[in-house]
Amino acid sequence: MTELLLKRRAEILHALCSGGSVEHLERVIDMLLAQGELGWEDCQNVLVPGRALYSNARQLLDLVYTKGADSCELFFNAVKQVLPEALGDTFFLSGCHSTLDYKEKPQRTSTEELLTQRPDLVLKLQGCIDGALRVLVESGHFSPTDCDGIQLPIYTPSQQARRLLDHVRSKGESASLVVLQYVQQSLESESSLEQTNPSLTKEFVKYQKKLRSSVSAQSRFLSTYGGTSHMPLDDIYTEVQMELPNNSADNYKSMGFEEIIGPVGSVNDDADTVLASGEAGSGKSTWLQRLHLLWSQGKALQDFLLLFPFSCRRLNSEQRDLSVQELLFQHCCWPDRGQEEIFQFILDHPHLVLFTFDGLDELKQSFADEHRICCPSQRAPVDVLLFNLIQGSLMKGVRKVVTSRPEAVGPALKKHLHKEIHLKGFSLSGIDCFVRKHHSDPNEAAKVLESLQANTALLGLCHSPVLCWIVSQCHKELLGCGEGSLQTITDVYLMILQHFFQHHSTVKSAMGVNWLQENLGTVLHLGQLAFEGISNSSYIFSVTDMETCGVTESDICMGFLIQSKDMSLANSKCCEFLHITLQCFLAALFAILSRNTGCSAISKLFELQEMKKKRLRGTCFGACLNSTNIPNIVKEHSTMAETPNLQITATFVSGLLSQRYQKLWIQCSSSVLVEKKTKQAEKCLSKGMQQHFRSIPQPVQGEKKSMHAMPEFVWLIKCIYEMQNSRLAKDAMSKLEAEHLKLTYCNIGPVECTALAYVLQHLKNPVGIQLDNNSVGDVGVEQLLPCMHICNSLYLRNNNITDEGIHKLIDKVIHLQNFQKIALFNNRLTDACTKHFSYLLKTRQNFLSLRLGNNNITAEGAKQLAEGLKFNRSLQYLGLWGNKIGNEGAEALANALENSESIVWLSLVGNGVGSAGACAMSNIIRNSTSLEELWLTENCITRTGVESLTQALKHNHHVKSVWLKNNDLTSAEIEEMQQTDSRLVF
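Identification of the chain as Nucleotide-binding oligomerization domain containing 2 from Xiphophorus couchianus is taken from an unreviewed UniProt entry. Its UniProt record, at the heading Sequence similarities (unreviewed entry), says of the chain: "Belongs to the NOD1-NOD2 family."

Next up on the list: helix 48 (residues 943-953). Residues of helix 48 that are buried: Gly945, Val946, Ser948, Leu949, Thr950, Ala952 and Leu953. Its buried side turned inward, helix 48 meets helix 47 (915-927), strand 19 (933-935), strand 20 (961-963), helix 49 (971-978) and strand 21 (984-985).

Time to look at the pattern of salt bridges. Per the stated rule, a full pass over the model turns up 37 salt bridges. Ionic pairing is found between aspartate 62 and arginine 9, a salt bridge with its closest N-O pair at 3.0 Å. Note that aspartate 62 is positioned in helix 5 (residues 53-67) and arginine 9 in helix 2 (residues 9-17), a separation of 53 residues in sequence. Residue aspartate 62 is classed as partly exposed on the basis of its relative accessible area of 35%. Look at arginine 9 and you get partly exposed, because its relative accessible area is 23%. Shared partners join several salt bridges into a network, and the residues in it are Glu26, Asp30, Arg118, Arg162 and Asp166.

On to the packing of helix 8 (residues 118-125) against helix 11 (residues 157-171), then. Here helix 8 crosses helix 11 at 125°, and the two axes come no closer than 8 Å. In terms of orientation, helix 8 lies oblique with respect to helix 11. As helix 8 runs across helix 11, the sense of the crossing is right-handed. Together, Arg118, Leu121, Val122 and Leu125 of helix 8 and Ser158, Ala161, Arg162, Leu164, Leu165 and Asp166 of helix 11 make up the contact between the two elements. For the contact of helix 8 with helix 11, the per-class residue count stands at 6 nonpolar, 1 polar and 3 charged.

Right, let's get into the sheet that holds strand 13 (residues 767-770). Across a sheet, strands are paired by hydrogen bonds formed along the backbone, either parallel or antiparallel in direction. The 11 strands are arranged 11-12-13-14-15-16-17-18-19-20-21 in an open sheet whose pairing can be described as parallel. Unpaired on one side and paired on the other, strand 11 (706-708) and strand 21 mark the two borders of the sheet.

Take the packing of aromatic side chains next. Under the criterion given, the structure shown has 26 aromatic pairs. When the ring of phenylalanine 426 is compared with that of phenylalanine 434, the centres are 5.4 Å apart and the planes differ by 35°; the resulting orientation is tilted. Assigned by exposure class, phenylalanine 426 and phenylalanine 434 land together as buried. A ring pair is formed by phenylalanine 500 and phenylalanine 560, whose centres lie 4.9 Å apart and whose planes are at 20°; its orientation type is stacked. With phenylalanine 500 in helix 27 (residues 489-503) and phenylalanine 560 in the loop between helix 31 (553-557) and strand 9 (561-564), the pair connects residues that are 60 residues apart, well separated along the chain. On the accessibility criterion, phenylalanine 560 (1% relative accessible area) is buried. Clustering of aromatic rings is evident, with ring pairs tying together Tyr207, Phe329, Trp334 and Phe343. If you follow arginine 212 out to its NZ or CZ, it ends over the ring of tryptophan 295, 4.3 Å from the centre. The ring centre of tryptophan 905 lies 4.7 Å from the NZ or CZ of arginine 851, which sits over that ring.

Most of helix 20 (residues 382-391) sits inside the fold, with 10 of its 10 residues counted as buried. What helix 20 keeps buried is the set Val382, Asp383, Val384, Leu385, Leu386, Phe387, Asn388, Leu389, Ile390 and Gln391. If you follow the buried residues of helix 20, they end up packed against strand 4 (273-277), helix 17 (312-315), helix 18 (324-331), strand 6 (353-358), strand 7 (399-404) and helix 21 (411-414). Where helix 20 terminates, the next one or two residues include glycine 392, which has phi positive at roughly 95°.

So, about the confidence of the model for the chain. In the predicted model, the chain carries a mean pLDDT of 84, and 87% of its residues have values of at least 70. Low pLDDT (under 50) marks residues 566-571, which in the prediction has 11 contacts with non-local residues, meaning those over four places away or in another chain. Scored below 50 in pLDDT, residues 613-641 makes 64 contacts in the model with residues more than four places away or belonging to other chains.

Time to look at the sheet that holds strand 4. The strand order 3-8-4-7-6-5 describes an open sheet built from 6 strands, whose pairing is mixed. With one partner strand each, in any of the chains shown, strand 3 (242-243) and strand 5 (306-311) form the two edges of the open sheet. Sheet analysis places strand 5 next to strand 6, joined by 6 bridges and oriented parallel. Opposite proline 309, over in strand 6, you have threonine 356 as the bridge partner.

Structurally, valine 913 can be placed in the loop between strand 18 (905-907) and helix 47. In this structure valine 913 touches Gly886, Asn887, Ala890, Ala918, Asn939, Cys940 and Ile941, once residues within four positions along its chain are discounted.

Turning to the pairing of strand 6, a few remarks are in order. Successive side chains on a regular strand alternate, one facing one side of the sheet and the next facing the other. In terms of burial, strand 6 is a largely internal element, 6 of the 6 residues being buried. Bridge analysis of strand 6 against strand 7 gives 4 bridges, and the strand direction is parallel. What sits directly across from phenylalanine 357, in strand 7, is valine 402.

One non-glycine residue, asparagine 773, lies in the positive phi region at around 55°. Tracing the sequence through the fold places asparagine 773 in the loop between strand 13 and helix 42 (777-784). You will see that asparagine 966, though not glycine, has its phi angle at about 60°, which is positive. Of note, asparagine 966 is situated in the loop between strand 20 and helix 49.

Take the state of the cysteines next. Inspection of every chain in the model, using the stated rule, returns 0 disulfides. Cysteine cysteine 575 shares no disulfide, and the gap to the nearest cysteine sulfur, in cysteine 574, comes to 7.5 Å.

Moving on, we get to the nonpolar core. Counting 262 residues, the largest nonpolar core has Trp287, Phe308, Phe606, Met788 and Phe837 as its most contacted members. For this core, the element with the most residues is helix 32 (residues 580-593), which contributes 12 residues. Two domains each donate at least three residues to this core, and these are domain 2 (240-426) and domain 3 (829-985). If we ignore the near neighbours within four places in the chain, the residues touching methionine 788 are Leu794, Leu809, Lys812, Val813, Leu816 and Phe819. Counting 30 residues, the second-largest nonpolar core is a separate cluster that includes Leu4, Leu38, Cys43 and Phe75.

Reading the values: the criteria
Residues numbered from 1 in each chain as written. Predicted model: local features only at pLDDT ≥ 70, side-chain atom pairs only at ≥ 80, totals over all residues. Heavy atoms only, no water. UniProt positions renumbered as here; feature names shortened; annotations may be inferred. Buried < 20%, exposed > 50% of the residue type's maximum accessible area, 1.4 Å probe, protein only. Helix = DSSP H or I, 4+ residues; strand = E, 2+ residues; numbered from the N terminus. Contact = heavy atoms within 4.5 Å. Salt bridge = Lys/Arg side-chain N within 4 Å of Asp/Glu carboxyl O. Axes fitted to C-alpha atoms, helices over the stretch in contact; angles between N-to-C directions. Parallel < 35°, antiparallel > 145°, perpendicular 65-115°, else oblique. Left-handed = near helix turned anticlockwise from the far one by under 90°. Nonpolar A, V, L, I, M, F, W, Y, C, P; charged D, E, K, R; others polar. Pairing = 2+ DSSP bridges. Phe/Tyr/Trp six-rings, centres within 6.5 Å; stacked < 30°, edge-to-face > 60°. Lys NZ or Arg CZ within 6 Å of the ring centre and 35° of its normal. pLDDT = per-residue confidence, 0-100. Disulfide = S-S within 2.5 Å. Core = buried A, V, L, I, M, F, W, Y, C linked by side-chain atoms within 4.5 Å. Domains from an automatic or database assignment.

Below is the structure:
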């Protein structure tokens, strides 16, 4: 036996290690432990953490050889069970037993049973780790800390099972008995499930358990400090705001995962794909991770028996053509047995299966539906498989959830969507909740929240979950930096850069003014890696990529990089940046500090999308670098860099080139070169703004000159703000000749509002600002206040604004004579806001238009408004459609307006107004000399009310129309009354 071991040593090593997984080696060791052939000290000497897999396997073979022929025979039999086909039948001697005969011992203790049954227990436990840990905690044998140590995401399900068994043995007989009883109960439950649902075979149930355990391990923790620290997702997760586009009733509501995947908000019932879109840092990946965790815990989406999670970032590295079966099993979870049987179940029951794809925007290939495949066994490039899965050509009936940034989702993809939801980041209450969860010390959390309330610009930034995490992580730096000193996104990322260096510093004291110079090597190494990755849409880096950029082990240990589980590079240690925005920030630092990046790199960062399509198609952004310094990741790919990530990088470049940071760069780079790059950035921003202004069409005769801004305009505005360059802002606004700025559907939140106010305040003449269908919110309203003096009309439809935001707005504009119109349809306003508008109406005798449709205003709010209207002599347009003012509110408004000489248009559509209210409205018609249109559609007015309005119309020939569609009238009544006055519209 010993001679055979020596003779076939290389073959055995290859069989145990060739797959790159330690699983085969660990299973063999389990069997030898169960036989008593290896002791715990032997096991620790073989499985040395951090040592190469082949070295550990050689150590086992050496150990078995020294123990003699019997040990070798047991070892051969263990290999035969673990790898029955790997070495061939002729490898084993006829004298070897085909199975291991475990030594019989009468009346074993539970602790001994854990050892002798170890191979079977590992297989049984890896599908139900959560349940085993739960009973151990409930029985008092384990603490939550014990559970966290076992369920770290770096461990596979089988490794978690082994760690659990080892930890239980150390706890003694009682804990061992609890585990053995739990496993037995699980087997009985599994048998019962198979009997009640015959379609679920034993192999399928085992695979389902293994998949749940694998998904749980991947989703249980959030990594910080490069994976050296972990936060349980259950402890930190905070709900983000969600919006269903074009569905005002459900905007910003809290939705469970069943509701998100279900029929609510569906735009195409025949499609299977749900898209969750949001800006970088809005919480998409964490939201999807939460979905995975709840499914694995049995708390959500239990109608789906299987869930397969994919990362588009990692799929980028897959170079092979794959079939759907290979994609599922190789990139998610490999079935130990019955692969064909399990895949056939998926084909036969697609409605019981869920696929998730995180980060579609990070896929190197743009979505295309030219190459159609329908056969799940046909091999194709991964991007082709993905696109066919999304559009339903492949695996029709399987529900898919995809996350992406909005820019990557074009019409070609949208037509294949079941629905789309927008993730809008944290609400104010969400920020509060997240900060309190992040800090175990309530006093510490209160100080952070107090600091945020004192700095509304920073509070606005915290609506982005990733920025809220940074601020919470850097609370000590935040509390020590003084009120108002953090204003821009660049400020926040410089703070976390300093925080990470401080966290890994051996001297735990305040870092000096030379902190960047002291860590310049790390910044340049990581910066080059980030820069090259951004330029080529590369987000996962091999050891070779890192070595080419000079990244050392100490650089990796700083925590900006985390280990990436890339299935296609199983034998390589791959890394990715902690977050895409951190990669963009480090790339921006490299663009500024590196002597190898000239002004041409700055120019290309700031190119507008249309120019980029013309000039960069088929070219590589990496050409801006000295060719001798371009790593392989640039030379091997010719994919055009992603515009969104280049724009984020350019935004950081703008902030870093701010005059405020010039002293920081003096000791780290050539001041002359930095000055040249600053001037180049300013030139690019100025040129970009002028291009937008030149695109403004001439106005139609009689209409105002309007500029409909594209998202890139907002990006340029943000760059100017990050640079904190008021001269550049003034120069840009001096060239804008428009009377109305339309920025609808531009993803404008509080951060963008801060930037808009900074730049727009320099306009020469007052303009109308239209921000409908964005995410302004109360904090955004407050951030807009500095530019209200140049605003004559403000449109904020569908922006999640509450009474608090209106209070601050009215306090500002009440003193501004230019401000004359406001529209706030479809927000979250209540009667509390009407006292502020009432005061505005009383005070301002040149205010022209107030539109408050589709809010939550009742009769009490209408009475408040009426108090202001009694004193107002200027209001021409009053819109209150879709509220709940009823007859009482209509009567109060009618009493205030019946002698108005200014009101031209009045809408009370859908307000529950009956005939009493209509009779009150007839007094306005009878007496007003200015009214032209009255809208009373969708109320409950009867014949009596209409007759009163008809009589009033006989006394007023200025009124053009009274709209009465969908009231409580019969067809005969409508036909009869249409004859009385043609101005009645039914």
